[in-house]
Amino acid sequence: GAVVSQHPSRVICKSGTSVKIECRSLDFQATTMFWYRQFPKQSLMLMATSNEGSKATYEQGVEKDKFLINHASLTLSTLTVTSAHPEDSSFYICSASYPALAGGDTQYFGPGTRLTVL
Amino acid sequence: AQTVTQSQPEMSVQEAETVTLSCTYDTSENNYYLFWYKQPPSRQMILVIRQEAYKQQNATENRFSVNFQKAAKSFSLKISDSQLGDTAMYFCAFPSYNNNDMRFGAGTRLTVKP
């Protein structure tokens, strides 16, 4: 099957620091990965689309200078939360599609990263 | 606009019984896919079942099946012989037309009681 990993699974940081979250497709190549944010007891909301070799596309209301995305290779996308504040505390999830396995737009999700900003 | 609506915030079912989770959606596309994902307490999103809109036959995966009504834009999930491990949040979803990201419903929290 298609496996997507995320690292770290949990991170606690001080306000004002930056945090990098990695998303990797372990057994397939992903030209596009997606970053979602999930608040407690809520659904997943798309933050941005990460495209290998080009700039990320951000959803309306998501600050691109605060949430830096780099898709440096076909198996790795990173999300950096810059100058983190307590309101950035959330659960961040990445996903990638693997049409060759399941066909048609099926997304495989990473296990998520819980960010807590003190 | 592409929207997904889950009108049941919470549901419960006795172990070994059957439960149906509802989902309606809106899209102007004719060919598309629909998905149900499960999010257990670990918060890992797990693909439960997938339906291709051009197929009339309802998808089935072991104890999980869907009732897909294309004209009504309805896509419900039936879980048979419910097990304690089925306790989770269930999200109905489909890919956005122009970007391929997943658009999720609000979710239904299912509790299977022993």
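Structure: see above.
Predicted, not measured: the structure shown is a model, and the values here were computed from it.

Undergrad: Lay out the overall build of chain B with the relevant residues and their values.
TA: Counting its secondary structure elements, chain B contains zero helices and 12 strands. Whereas a compact globule of 114 residues would reach a radius of gyration of roughly 13 Å, chain B reaches 14 Å, a difference of no more than 12%. Structurally, chain B occupies a C-alpha span of about 40 × 25 × 20 Å along its principal axes. Here chain B holds 114 residues, and the buried ones make up 48% of them. Across chain B, every contact between residues at least 6 apart in sequence was considered, and the portion connecting residues at least 24 apart equals 54%. By element, 44% of the accessible surface of chain B is carried by carbon and sulfur atoms, the whole surface being about 5700 Å². Between the averaged position of the 11 positive side-chain charges in chain B and that of its 10 negative side-chain charges there is a distance of 3 Å.

Undergrad: Provide a residue-level description of the packing of aromatic side chains, including the pertinent values.
TA: What describes a pair of aromatic rings is the distance from one ring centre to the other and the angle between the planes of the rings. Going through the model one piece at a time under the given rule, you end up with 12 aromatic pairs over all chains. Between Tyr36(A) and Phe104(B), the ring centres sit 5.9 Å apart and the planes meet at 80 degrees, which makes this aromatic pair edge-to-face. Of this pair, Tyr36(A) sits in strand β4 (residues 32-38) while Phe104(B) is found in strand β11 (residues 102-104), placing the two residues in two different chains. Phe104(B) matches Tyr36(A) in its accessibility class, with the two residues each being buried. Their ring planes at 85 degrees and their centres at 6.3 Å tell us that Phe68(B) and Phe75(B) sit as a pair that is edge-to-face. Taken together, the ring pairs in this structure connect Tyr36(A), Phe109(A), Phe35(B), Tyr37(B), Phe91(B) and Phe104(B) into an aromatic cluster. Directly above the ring of Phe91(A) sits Arg43(B), whose terminal nitrogen or CZ lies 4.0 Å from the centroid.

Undergrad: Would you mind going over the environment of Glu63(A) in detail, with residue names and values included?
TA: With respect to the helices, strands and loops of the structure, Glu63(A) is situated in the loop between β6 (57-58) and β7 (67-73). A C-alpha to C-alpha distance of 9.9 Å links Glu63(A) and Ala48(A), two positions 15 residues apart in sequence.

Undergrad: Describe the sheet that holds strand β3 (residues 19-25) of chain A, and please don't skip the residues or the numbers.
TA: Residues and elements named next belong to chain A. Judged by pairing direction, the sheet is antiparallel, and its four strands sit side by side in the order β1-β3-β8-β7 without closing on themselves. In this open sheet, the two strands that pair with only one neighbour each are β1 (4-7) and β7. For this sheet, the mean inter-axis angle between neighbouring strands, taken without regard to orientation, is 15 degrees. Alignment of β3 against strand β8 (residues 76-81), held across six bridges, turns out to be antiparallel. The residue bridging valine 19 from the neighbouring strand is valine 81, located in β8.

Undergrad: With reference to specific residues and values, describe the interface of chain B and chain A.
TA: Counting residues at the interface gives 20 residues for chain B and 23 residues for chain A. Taking both sides of the interface into account, the surface hidden between chain B and chain A amounts to around 1800 Å²; carbon and sulfur atoms contribute 50%. Interface area lost by chain B to chain A is led by Arg43(B), Asn100(B) and Phe104(B), which between them contribute 30%. At the boundary of chain B with chain A, the tally comes to zero salt bridges. Linking chain B to chain A there are seven residue pairs in polar contact (both at pLDDT 80 or more). Only β5 (33-39), β6 (46-52), β10 (88-95) and β11 of chain B provide two or more residues apiece to the side of chain B that touches chain A. Of all the elements, β5(B) adds the most residues to the side of chain B that touches chain A, at four residues.

Undergrad: Break down the state of the cysteines for me, with residues and values.
TA: Under the counting rule described, the total for this entry stands at two disulfides over all chains. Linked covalently through their sulfurs, Cys23(A) and Cys94(A) form a disulfide whose S-S length is 2.0 Å. Where Cys23(A) bonds to Cys94(A) through sulfur, the torsion about that S-S bond is close to 85 degrees, and the disulfide is right-handed. Of this pair, Cys23(A) sits in strand β3 while Cys94(A) sits in strand β9 (residues 90-97), and the two are 71 residues apart along the sequence. Exposure class is identical for Cys23(A) and Cys94(A). Each is buried. Between the sulfur atoms of Cys23(B) and its disulfide partner Cys92(B) the distance amounts to 2.0 Å. Measuring handedness by torsion sign, the sulfur bridge of Cys23(B) and Cys92(B) sits at about -70 degrees and is left-handed.

About the cut-offs
- Residues numbered from 1 in each chain as written.
- Chains lettered and ligands numbered in written order.
- Predicted model: local features only at pLDDT ≥ 70, side-chain atom pairs only at ≥ 80, totals over all residues.
- Heavy atoms only, no water.
- Helix = DSSP H or I, 4+ residues; strand = E, 2+ residues; numbered from the N terminus.
- Rg over C-alpha atoms; globule rule 2.2 N^0.38 Å.
- Buried < 20%, exposed > 50% of the residue type's maximum accessible area, 1.4 Å probe, protein only.
- Contact = heavy atoms within 4.5 Å.
- Areas by Shrake-Rupley, 256 points an atom, 1.4 Å probe, with all protein chains shown as cover.
- Lys, Arg positive; Asp, Glu negative; His and termini not counted.
- Charge placed at Lys NZ, Arg CZ, Asp CG, Glu CD.
- Phe/Tyr/Trp six-rings, centres within 6.5 Å; stacked < 30°, edge-to-face > 60°.
- Lys NZ or Arg CZ within 6 Å of the ring centre and 35° of its normal.
- Pairing = 2+ DSSP bridges.
- Axes fitted to C-alpha atoms, helices over the stretch in contact; angles between N-to-C directions.
- Buried area = accessible area lost by both parts, 1.4 Å probe.
- Salt bridge = Lys/Arg side-chain N within 4 Å of Asp/Glu carboxyl O.
- Polar contact = N/O pair within 3.5 Å; in protein donor to acceptor, adjacent residues only side chain to side chain.
- Disulfide = S-S within 2.5 Å.

Purely geometric numbers; function is a separate question.
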